[in-house]
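Listed below are the residues making up each chain.
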Amino acid sequence: MANIEIAKGDRGMAAVDAAAIDALKSQLQGKLLQPGDGGYDEARTIWNDMIDRRPAIIASCANAADVQRAVSFAAAHGLLLAVRGGGHNIAGNAVCDGGLMIDLSPMKAVKVDPKSQRASAEGGVTLGDFDQGTQAHGLATPLGINSTTGIAGLTLGGGFGWLSRKFGMTVDNLVSADVVTADGKSVRASATENEDLFWGIRGGGGNFGVVTSFEFQLHPVGPEVLCGPIVFPAEQAKTVMRKYREYTATMPDEMTVWALLRKAPPLPFLPEEVHGKDVVVLAACYAGAVAEGERLVAPLRGFGDAYGEHIGPAPYVGFQAAFDPLLTPGARNYWKSHNLMKLSDELLDIVIDFAAKVPSPHCDVFLAQMGGQISRMAPDATAYHHRDANFVLNVHGRWETPDGDEKGTAWARALFNAAAPHATGGVYVNFMTQEEGDRVAAAYGPNHKRMVQLKKKFGPTNLFRLNQNVDPAG
């Protein structure tokens, strides 16, 4: 049988015996896909349409044993290796050209123990899958804000959302994980087992292995929370954002309000003539008693003359999916991000100015509020370091066709550069594009040196390199 050329991890190509690939295929309980096979294109297609890569083989894994076999195969042959969880990562590292791709998306089991308030989730689970399982018991853990996001990538990068000010980052609620390391072994990582690995996977991305199962601490939440958006005209943006700055300085941990500047989507509570106009959206979620949330939300209505609002008690699982229509698959996405300590008048002017010049009606600029319990963890308690950020600025470039690439990326980069003097220098690793490898050290701050040593221990050959990479060579 002829050899098959597969991309190597250190560049170049490796000639792999077709018989060896057939042997791997026979060992998997899942599927081994190659170009032309049914399901191949579906498996390699991820959320960001700017990423169009073709792996030589895809191991669509049914369980942890399949992952071990695929990792061992890649290591034995020195292959370029990508790992897909939900495929939602902006950088597109879930898929590679010419190498081996591990696809965790078939691994979708979620198990909830309401008595211990713990839940386990396999590596292919999405936020929507997880929330549906836990909210059946009135429980939740801090996750992101888009139900189609994969829980694996979100968690490994740190993870934050509507509940994080009250309960911390996603990684702060991780109890244990089953990890396949570069030698093909499956190990448990927790506060009492492989503690150094447990430290590293809590924010270190996919640098140290493939997590096949996560165990999370849960908290009583919902099933209804007070939540929703209020939409103001862009002409009132400076006033609204100044009042937002004052309001967020004294909010309790249970309350989270994010600000979004964009063109108004066709929301049903907005008059039709508002659709497409420049607006400022304040999206609120209160993780506590609805009556108290109503009292705390009331001042938002006085920030300006709103076009409309839709704030009230609603199912938590519904609010977790509320932004899904703005983040559907199939569009081209390019992001730039900064961590911020404060919202100065100068920064607000920059954000408002650029939001009025979006190159596509799908672009936006959002400010995610941090603080609360997030900031109470020591910066070296987990690999995720930047506990001091009070806001995360995300410049979200999004358009539909390749002819928008140049204009869209230029807008995002220009806003990013203009805002840089007002930023901390830190960055949330999950918001970094593939071209930003030079920011990895900044993403991890003083924790980076420890991560290099950890990578030398668990992945000295840098097998897991398709990520915001921590090079074991330093």
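Reading the values: the criteria
Residues numbered from 1 in each chain as written. Predicted model: local features only at pLDDT ≥ 70, side-chain atom pairs only at ≥ 80, totals over all residues. Heavy atoms only, no water. Helix = DSSP H or I, 4+ residues; strand = E, 2+ residues; numbered from the N terminus. Rg over C-alpha atoms; globule rule 2.2 N^0.38 Å. Buried < 20%, exposed > 50% of the residue type's maximum accessible area, 1.4 Å probe, protein only. Contact = heavy atoms within 4.5 Å. Areas by Shrake-Rupley, 256 points an atom, 1.4 Å probe, with all protein chains shown as cover. Lys, Arg positive; Asp, Glu negative; His and termini not counted. Charge placed at Lys NZ, Arg CZ, Asp CG, Glu CD. Axes fitted to C-alpha atoms, helices over the stretch in contact; angles between N-to-C directions. Parallel < 35°, antiparallel > 145°, perpendicular 65-115°, else oblique. Salt bridge = Lys/Arg side-chain N within 4 Å of Asp/Glu carboxyl O. Pairing = 2+ DSSP bridges.

1. As for the overall build of the protein chain
Here comes step 1: Within the protein chain one finds 14 helices and 21 strands.
Here comes step 2: Rg of the C-alpha trace for the protein chain: 22 Å, near the compact-globule value of 23 Å for 474 residues, within the 12% margin.
Here comes step 3: Per-residue burial over the protein chain gives 57% buried out of 474 residues.
Here comes step 4: Across the protein chain, contacts joining residues at least 24 apart in sequence account for 72% of those joining residues at least 6 apart.
Here comes step 5: Here the protein chain displays about 17,900 Å² of accessible surface, and carbon together with sulfur accounts for 52% of that area.
Here comes step 6: Taken together, the 43 basic and 51 acidic charged side chains of the protein chain have centroids lying 4 Å from each other.

2. As for the packing of helix α11 (residues 345–355) against helix α12 (residues 405–419)
Here comes step 1: With their axes 10 Å apart at the nearest point, α11 and α12 run at an angle of 170° to one another. Classed by the angle they form, the pair α11 and α12 counts as roughly antiparallel. Across the interface between the two elements, Leu347, Ile350 and Phe354 of α11 pack against Trp411, Ala414, Leu415, Ala418 and Ala419 of α12.

3. A short note on the pattern of salt bridges
Here comes step 1: For the coordinates displayed, the defined rule picks out 24 salt bridges.
Here comes step 2: Residues Arg44 and Asp41 are paired through a salt bridge, measuring 2.8 Å at the closest nitrogen-oxygen approach. One end of the pair is Arg44 and the other is Asp41, both in helix α2 (residues 40–44) and 3 residues apart, which spans about a single turn.
Here comes step 3: When its relative accessible area of 12% is taken as the criterion, Arg44 is described as buried.
Here comes step 4: As a salt-bridge pair, Glu435 and Arg413 come within 3.2 Å of each other at their nearest N and O atoms. Highlighted residues: Glu435 in the loop between α12 and α13 (440–444) and Arg413 in helix α12, separated in sequence by 22 residues.

4. Concerning the sheet that holds strand β6 (residues 100–103)
Here comes step 1: Read across the open sheet, the 4 strands follow the order β3-β4-β6-β5; overall the sheet is mixed. Two strands close off the open sheet at either side, each with one partner strand: β3 (31–33) and β5 (81–84). Ignoring which end each strand starts from, the neighbouring axes of this sheet average 20° apart.
Here comes step 2: Sitting on the sheet, helix α3 (residues 64–77) is in contact with β4 (57–60), β5 and β6, with an inclination near 165° to β6.

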